[in-house]
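What follows is each chain in one-letter form.
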Amino acid sequence: MTPFLGVFFFLCLICMLLFLYTRSALPPVTDTAFHLFQKTYLAVYLLAMAGDWLQGPHVYALYQSYGMTTHQIEVLFVAGFGSSMILGTVVGSFADKYGRKFNCILYGILYGGACITKHFNNFWILMLGRLLGGTATSILYSAFESWLVYEHHKRNFDSDLLGNIFSHAVLGNSLVAILAGLVAQVFADKFGFVAPFDVSLTVLMIMVILIYYIWPENYGDKISNFQKSFQNAFRSIGTDYKVLSLGFIQSLFEGSMYVFVLEWTPALSPEVKETANKGTISEKGHTEEIPHIPHGHIFAGFMVSIMIGSSLFKLLSKHTAVESFMRPVLVVSSLTLAVPIIFPGHQMLIFAAFLVFECCVGIFWPSMSTMRGKYVPEETRATIMNFFRIPLNMIVVVILLQNLDMKVIFQCCVGFLLLAAIFQQWLYNLSKLPTHGRLDSTMERHDEKIDGKKDRLLDEPKEEVV
């Protein structure tokens, strides 16, 4: 048994014990309607994530089997991030005007189309698939959450329970990632590298059917045109410093996280230094120069660490405000990515640091979703969330195109995370101001009242409307 596998089993034990402790330490939720709502959301969301995870492990291998050069593969990967940054921002913003349910269905259709393009050994068809996939990714990380937040408030559930759903979503997402990786490998071994994409297509179609039949539609600002909607979103970001700070935190942290995903393989391969460090996108963990390490065991350990982080979020959020405990979480995350800079070649030490970083990721996801649900205005929620992804994707694309040494890349990530911690401190200070707190809660209640009045006016006779 490799040390990585031993660490994985140890983490599973910790995760199970922490999960059981969390269930016993926190009061149970007895609202039957809330449990049904939570299951309705998670069933769809986890299928959406499964459709994404099933594709990830074999994208590079498929391109390589088609005889694509390293440069061509790099162009395809950059195109994916670029389309998410440009096309995804526009298409993802459709959710506020045309409906979040509609946009989630569009996610399944676009990503399903991307899966179909994988059957063709043609660079430009594969490029179309990357454009579709990048656009779909923007929808995945905006429309689903927007639908959830609106429905949660509309049904008058306790606002604290929103974090409970996000925590379960992160926990379930990690389990789905591990299972999807195993399923994708089985199908790839039996039927070839394109088979996992067919499985993903099937899962996505099931998700679309579920959304169509069990999700109600909801909207942001249906009246304004896209130009007005974009202007309102920019105005909210520019005038509400809490929204602005959230945007910086998300972009800096997630940008560092996506770069980390591309860099952990060479960082854990200490025998290869300069040759592997010089790689960009797909050379990480895929070229013959990098010695084989148990990627599956390492990835599984990362996912369990995220699950541990999601349980820690539930415990932390019951004792202190999210805005408060996220400050040390971001500082710790920056310190973990400094380890490969300070101790290059120390494989197990770097691995331990990366596990702590993934634990911070597990805390970050539900925390960020909770804060967005609290501060981002409902009428332009999806639009603003997609605006947040513009600098995020820009960070990743710029770093990937520079052909930097691994040490320099991790130095950038450490700097980004420290900046994120500074913006988190700013957000914490803003959240402590009484006027800001009252304004946010008042606006949320005002939006809920307006929605309630709209529903009532549709049912009441016109003569009763003043």
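Because the structure is predicted, anything quoted here is derived from the model rather than measured.

*Asks:* Is there a simple way to think about unusual backbone geometry in this case?
*Replies:* A negative phi holds for most residues other than glycine; trans holds for most peptide bonds. Positive phi values are uncommon outside glycine, yet Asn156 reaches one of about 60°. As for its position among the elements, Asn156 is in the loop between α9 (143-154) and α10 (161-191).

*Asks:* Please explain empty space enclosed by the protein as it appears in this structure.
*Replies:* Remark: the empty space left among the atoms is shown by a probe the size of a water molecule rolled over them. One pass over the structure, following the stated rule, counts one cavity of 30 Å³ or more. Considered as a void within the structure, the largest cavity measures approximately 40 Å³ in volume. Along its surface, the largest cavity is lined by Phe19, Ser167, His168, Leu171, Ser310, Ser311 and Lys314. Those elements that provide at least two residues to the lining of the largest cavity are α10 and α15 (295-319). Here the lining of the largest cavity is built from residues that sort into two nonpolar, four polar and one charged.

*Asks:* Is there a simple way to think about the environment of Ala50 in this case?
*Replies:* Here Ala50 is to be found in helix α2 (residues 32-53). Taking the C-alpha atoms as reference, Ala50 lies 7.9 Å from Asn173; in sequence the two are 123 residues apart. In contact with Ala50, other than residues within four places in its own chain, are Val176 and Val203.

*Asks:* Got a minute to help me understand the packing of aromatic side chains in this structure?
*Replies:* Note on aromatic pairs: each is described by the distance of the centres and the angle between the planes. Within the structure shown, the criterion is met by 34 aromatic pairs. Taking the centre distance of 4.9 Å and the plane angle of 70° together, the rings of Phe4 and Phe351 count as edge-to-face. With Phe4 in helix α1 (residues 3-25) and Phe351 in helix α18 (residues 347-375), the pair connects residues that are 347 residues apart, well separated along the chain. The buried category is assigned to Phe4, whose relative accessible area is 5%. Residue classification places Phe351 among the buried positions, given a relative accessible area of 2%. Relative to Phe387, the ring of Phe234 lies with its centre 4.6 Å away and its plane at 25°, an arrangement referred to as stacked. Residue Phe234 is located in helix α12 (residues 226-239), and its partner Phe387 is located in helix α19 (residues 381-401); the two are separated by 153 residues in the primary sequence. The class of Phe387 is buried, set by a relative accessible area of 9%. Aromatic ring contacts, followed pair by pair, group Phe4, Tyr141, Phe253, Phe260, Trp264, Phe302, Phe351, Phe354, Phe357, Phe364, Trp365 and Phe410 into a single cluster. Lying over the aromatic face of Tyr212, Lys101 brings its terminal NZ or CZ to 5.4 Å of the ring centre. Directly above the ring of Tyr428 sits Arg327, whose terminal nitrogen or CZ lies 3.8 Å from the centroid.

*Asks:* Would you take a moment to explain the environment of Lys101 for this structure?
*Replies:* By the secondary structure assignment, Lys101 is in helix α7 (residues 100-117). You can call Lys101 buried: its relative accessible area is 15%. Here the alpha-carbon distance between Lys101 and Trp147, two residues 46 residues apart in the chain, equals 7.0 Å. Other than its neighbours up to four places away in sequence, Lys101 contacts Trp147, Ile211, Tyr212, Trp215, Pro216 and Glu217.

*Asks:* Explanation requested: the packing of α7 against helix α8 (residues 123-140) in the structure shown.
*Replies:* Packed helices, taken two at a time, are described by the angle their axes make and the gap between the axes. Orientation of α7 relative to α8, taken along the N-to-C sense of each, is 155°, at an axis distance of 8 Å. As summarised for this structure, α7 and α8 are arranged roughly antiparallel, according to the angle between their axes. As α7 runs across α8, the sense of the crossing is left-handed. On α8, the residues touching Asn103, Cys104, Leu106, Tyr107, Leu110, Tyr111, Gly113, Ala114 and Thr117 of α7 are Ile125, Leu126, Gly129, Leu132, Gly133, Thr135, Ala136, Thr137, Ile139 and Leu140.

*Asks:* Explain the state of the cysteines to me, please; I cannot follow it from the model alone.
*Replies:* By definition, a disulfide links two cysteine residues through a covalent bond between their sulfur atoms. Tallied over the full model, the rule gives zero disulfides. The structure places no disulfide on Cys412, whose sulfur is separated from the nearest cysteine sulfur, that of Cys413, by 6.9 Å.

*Asks:* Help me understand the nonpolar core in this model?
*Replies:* One broad rule of soluble globular proteins: the nonpolar side chains tend to lie buried together. Among the nonpolar cores identified, the biggest contains 136 residues, and Tyr41, Tyr107, Phe144, Phe302, Met326, Leu337 and Phe354 are the most heavily contacted of them. Take this core: its biggest share by element is 15 residues, from α18. Beyond its immediate sequence surroundings of up to four residues, Phe144 is in contact with Tyr41, Val44, Tyr45, Ala48, Cys104, Tyr107, Ile139, Met207, Ile211 and Trp215. Among the nonpolar cores identified, the runner-up in size contains seven residues, and Ala50, Leu54, Ala184 and Val203 belong to it.

*Asks:* Sorry if this is basic, but what is going on with α10 here?
*Replies:* Side chains of residues three or four places apart in an α-helix project in the same direction, reflecting 3.6 residues per turn. If you check α10, its first and last C-alpha atoms are 43 Å apart, about what 31 residues at 1.5 Å a residue would give, namely 45 Å. At the C-terminal side of α10, Gly192 shows a positive phi close to 105°.

*Asks:* Would you explain a nonpolar patch on the surface in this entry?
*Replies:* On the surface, Leu13, Met16, Leu17 and Leu20 cluster together into a nonpolar patch covering about 390 Å² of accessible area. Tracing the chain through its elements places Leu17 in helix α1.

Procedures and definitions
- Residues numbered from 1 in each chain as written.
- Predicted model: local features only at pLDDT ≥ 70, side-chain atom pairs only at ≥ 80, totals over all residues.
- Heavy atoms only, no water.
- Helix = DSSP H or I, 4+ residues; strand = E, 2+ residues; numbered from the N terminus.
- 1 Å grid on protein atoms, 1.4 Å probe; cavity = no way out; pocket = protein on both sides within 12 Å on 5 of 7 lines; lining within 4 Å.
- Points joined across faces, edges and corners; volume = space filled by probe spheres on them.
- Nonpolar A, V, L, I, M, F, W, Y, C, P; charged D, E, K, R; others polar.
- Contact = heavy atoms within 4.5 Å.
- Phe/Tyr/Trp six-rings, centres within 6.5 Å; stacked < 30°, edge-to-face > 60°.
- Buried < 20%, exposed > 50% of the residue type's maximum accessible area, 1.4 Å probe, protein only.
- Lys NZ or Arg CZ within 6 Å of the ring centre and 35° of its normal.
- Axes fitted to C-alpha atoms, helices over the stretch in contact; angles between N-to-C directions.
- Parallel < 35°, antiparallel > 145°, perpendicular 65-115°, else oblique.
- Left-handed = near helix turned anticlockwise from the far one by under 90°.
- Disulfide = S-S within 2.5 Å.
- Core = buried A, V, L, I, M, F, W, Y, C linked by side-chain atoms within 4.5 Å.
- Expected span 1.5 Å × (residues − 1).
- Patch = residues over 30% accessible without salt bridge, like charges linked within 9 Å, V, L, I, M, F, W, Y side chains within 5 Å.
- Areas by Shrake-Rupley, 256 points an atom, 1.4 Å probe, with all protein chains shown as cover.
- Salt bridge = Lys/Arg side-chain N within 4 Å of Asp/Glu carboxyl O.

Taken by themselves, the reported measurements are silent on function.
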